[in-house]
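Structural characterization, general
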Amino acid sequence: MASEIYECLSKIAGIISENKDFLTELDREIGDSDHGINLARGFSAVMEKVNPEDADIGATLKKSGMTLLSKVGGASGPLYGTAYMEAGKVLAGKTELDAEGLKSAFEAAIAGIQKRGKAVKGEKTMLDAIIPAYETYSQKLSDGADMITALEAACNSAREGVEYTKTIIATKGRASYLGERSIGHQDPGATSSTLMLEAVLDVLKGK
Amino acid sequence: MVGIVIVSHSWKIAEGVCDLAHEMAQGHEGIIPAGGLEDGSIGTDAQRIADAIVEADTGDGVVILADIGSSIMSAETAIELLEDEGNNINVVIADAPIVEGTVCAVVEAAGGGSVDSVLKSAEESREASKL
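Residues numbered from 1 in each chain as written. Chains lettered and ligands numbered in written order. Predicted model: local features only at pLDDT ≥ 70, side-chain atom pairs only at ≥ 80, totals over all residues.

1. Digging into the overall build of chain B
Secondary structure summary: chain B contains 5 helices and 4 strands in total. Reading chain B from its N terminus to its C terminus gives the helix and strand order β-α-β-α-β-α-β-α-α. Taken over C-alpha atoms, the radius of gyration comes to 13 Å for chain B, in line with the 14 Å a tight globule of 131 residues would show. For chain B, the C-alpha atoms occupy an extent of roughly 35 × 30 × 25 Å along the three principal directions. Counting over 131 residues, chain B shows a buried share of 54%. Contacts in chain B between residues far apart in sequence, at least 24 positions, make up 75% of those at least 6 positions apart. (Helix = DSSP H or I, 4+ residues; strand = E, 2+ residues; numbered from the N terminus. Rg over C-alpha atoms; globule rule 2.2 N^0.38 Å. Buried ≥ 20, exposed ≤ 12 C-beta atoms within 10 Å, placed from the backbone. Contact = placed C-beta atoms within 7 Å.)

Next up, the structure:
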């Protein structure tokens, strides 16, 4: 049987590949039309590097992050690459994802993205989906919810975050050149990060 | 001699800027391109940049000149990768246009400048008027 982390990465790679054209189309509207293509290339390279028997979540995320740094090409390479590597650091040695582990991985990934992109919430980036998702996840856990319930709620917040990105002006990345014309378009990075969270939820629910 | 790494989304741009730089600083061996992805596609690759930094360094440090978008992010990632490996090369990123900055940087480097003075020369190129 394939390890949990392999299942998650494989699910993410599948969902990114299915949404390749959709993500690229979103990026064509406000960016440089490469988000879907770049991520699909990156995750297909990740799937060549990881094995179903890779059980150590931390080491596998690190390997995946390193691959994304090299193979994605656009800004999402260093951003997701750093996020995966930082999440990998806090999950080193773990073979099963638990509620607290996921929370600290979430935190580390966000800190990594912020360090790399020097962005904050409200700039029409992936953070507008991931930060609300993390806040909801964390709140639900403190309210006593289990990991899956909390992650379901987090995915809802991420989707709301994607909707929110339609209402704001981009001030980071290529979309910032468009200024007010970026309003009305959802952010490709917020969209792809929501797809990744949904993929993880799918795997955890299927166990 | 301070090494120079040219980071671009395009392999051709990185190579071309290096060719130009070599004309200005013949005999400088440490001008290294880090352009595009391994398969030739447009993009930046932090690992490729990290390898170029190591290749460019002769012990006197390295200045990076980069183009647009993810170049800076990938260059910063490359520097962290090297730090994580325990590699303590003195490497900085110049806030400068890639062609003009590189020409100024290599001239200063070939003249025996330090990382600080090479960085300063590269960044001063922003102020140079063309007309």
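Moving on from the model shown.
2. Details of helix α8 (residues 147–165) of chain A
Residues and elements named next belong to chain A. Taking 1.5 Å as the rise per residue, α8 with 19 residues should run 27 Å; its terminal C-alpha atoms sit 26 Å apart, in good agreement. Within α8 the residues assigned to the buried category are Ala150, Leu151, Ala154, Cys155, Ser157, Ala158, Gly161, Val162 and Thr165. Projected down its long axis, α8 carries its buried residues within an arc of 165°, all on one side. Lining the buried residues of α8 we find α6 (99–117), α7 (127–142) and α9 (188–205). (Expected span 1.5 Å × (residues − 1). Arc of directions from axis to C-beta.)

3. Notes on the confidence of the model for chain B
The predicted coordinates ought not to be read in detail in places where the model reports low pLDDT. Of all residues in chain B, 100% attain a pLDDT of 70 or more, and the chain-wide mean is 96. For this predicted complex, the interface confidence comes out at an ipTM of 0.89, alongside a pTM of 0.93. (pLDDT = per-residue confidence, 0-100.)

4. Some words on the interface of chain B and chain A
Listed by partner, the interface residues are 15 residues for chain B and 15 residues for chain A. When grouped by side-chain class, the residues that make up the side of chain B that touches chain A number 4 nonpolar, 8 polar and 3 charged. (Nonpolar A, V, L, I, M, F, W, Y, C, P; charged D, E, K, R; others polar.)

5. Side note on the packing of helix α5 (residues 76–90) of chain A against α6 of chain A
Residues and elements named next belong to chain A. Where α5 meets α6, the axes come as close as 7 Å, and the angle between the chain directions of the two elements is 145°. Here α5 and α6 pass one another in a crossing that is right-handed. Contacts between α5 and α6 involve Pro78, Leu79, Thr82, Ala83, Met85, Glu86, Ala87, Lys89 and Val90 from the former and Ser104, Ala105, Ala108, Ala109, Ala111, Gly112, Ile113, Arg116 and Gly117 from the latter. (Axes fitted to C-alpha atoms, helices over the stretch in contact; angles between N-to-C directions. Left-handed = near helix turned anticlockwise from the far one by under 90°.)

6. Let's talk about the packing of helix α1 (residues 4–18) of chain A against α9 of chain A
Residue and element names in this part refer to chain A. Viewed as axis vectors pointing N to C, α1 and α9 meet at an angle of 135°, and their least axial separation amounts to 9 Å. Considering the angle they form, α1 stands oblique to α9. Seen along the crossing, α1 lies across α9 with a hand that is right-handed. Judged by residue contacts, Glu7, Cys8, Lys11, Ile12, Ile15 and Ile16 of α1 engage Ser192, Leu195, Met196, Ala199, Val200, Asp202 and Val203 from α9. Of the residues assigned to the contact of α1 with α9, the class counts are 9 nonpolar, 1 polar and 3 charged. (Parallel < 35°, antiparallel > 145°, perpendicular 65-115°, else oblique.)

7. Considerations on the sheet that holds strand β3 (residues 62–66) of chain B
Residue and element names in this part refer to chain B. Reading across the sheet, the 4 strands line up as β2-β1-β3-β4 and stay open at both edges, with parallel pairing between neighbours. The outermost strands of the open sheet, each flanked by one partner alone, are β2 (31–35) and β4 (91–93). Looking at each pair of strands side by side, their axes are set apart by 20° on average, direction ignored. The pairing of β3 with β4 spans 3 bridges and is parallel. Pairing of isoleucine 64 across the sheet is with isoleucine 93, part of β4. (Pairing = 2+ DSSP bridges.)

8. Side note on the nonpolar core
Ranked by size, the top nonpolar core spans 103 residues in total, and within it Ile4, Val5, Val63, Ile64 and Leu65 of chain B carry the most contacts. Residue contributions to this core peak at 8 residues, all from α7 of chain A. When neighbours within four sequence positions are excluded, valine 63 of chain B is seen to be in contact with Val2, Ile4, Val92, Ala94, Ala105, Val115, Val118, Leu119 and Ala122 of chain B. (Core = buried A, V, L, I, M, F, W, Y, C linked by C-beta atoms within 7 Å.)

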